[in-house]
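Okay, here's what each chain looks like letter by letter:
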Amino acid sequence: MEAAMSVTQVKIALSGGPAELALTTRSVDAAALEDTLKIRHGSGYEHFVHGGEFQAVDGSDLAVFRWSHRTKIAE
């Protein structure tokens, strides 16, 4: 029998990019803090990166991902 792997989820805040994306509560795997977060939005993807910043909100620390750029979906 295999043991289930525990994945630590981290709550995040998005900064910059389309305003409607910032309104959604999100969590990512802790390992994703080192990666670019790519979120599909409209006809493309919004890219966010974590630069090590955390923000205290309602007693929780949120990892802040800042918008870096947008790419279009290939047709």
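Every value quoted in this text rests on a predicted model; they were computed, and no experiment measured them.

*Asks:* Run through the nonpolar core, naming residues and quoting values.
*Replies:* V10, I12, L14, L21, V28, A32, L33, L37, I39, F48, A63 and F65 form the largest nonpolar core, which has 12 residues in total. Among the secondary structure elements, those contributing two or more residues to this core are β1 (9-15), β3 (36-41) and β5 (60-72). In contact with L14, not counting residues within four places along its chain, are L21, A22, R26, L37, I39, F48 and F65.

*Asks:* Could you give an account of unusual backbone geometry, with specific residues and numbers?
*Replies:* The backbone phi angle of D58 is positive, close to 50 degrees, even though this residue is not glycine. Topologically, D58 is positioned in the loop between β4 (44-57) and β5.

*Asks:* If you had to explain the packing of aromatic side chains to someone new, which residues and values would you point to?
*Replies:* Taken as a whole and judged by the stated rule, the model has zero aromatic pairs. The ring of Y45 has K38 sitting right over it, with the charged end atom 4.5 Å from the ring centre.

*Asks:* Talk me through the side chain of H50; I want residue IDs and the actual numbers.
*Replies:* Counting through the fold element by element, H50 comes out in strand β4. In terms of polar contacts, H50 uses its side chain to reach the backbone amide nitrogen of G52, at 3.5 Å. Polar side-chain contacts of H50 include one of 3.1 Å to the backbone oxygen of E53. In contact with H50, not counting residues within four places along its chain, are L33, A63, V64 and F65.

Cut-offs and rules
Residues numbered from 1 in each chain as written. Predicted model: local features only at pLDDT ≥ 70, side-chain atom pairs only at ≥ 80, totals over all residues. Heavy atoms only, no water. Core = buried A, V, L, I, M, F, W, Y, C linked by side-chain atoms within 4.5 Å. Buried < 20%, exposed > 50% of the residue type's maximum accessible area, 1.4 Å probe, protein only. Helix = DSSP H or I, 4+ residues; strand = E, 2+ residues; numbered from the N terminus. Contact = heavy atoms within 4.5 Å. Phe/Tyr/Trp six-rings, centres within 6.5 Å; stacked < 30°, edge-to-face > 60°. Lys NZ or Arg CZ within 6 Å of the ring centre and 35° of its normal. Polar contact = N/O pair within 3.5 Å; in protein donor to acceptor, adjacent residues only side chain to side chain.

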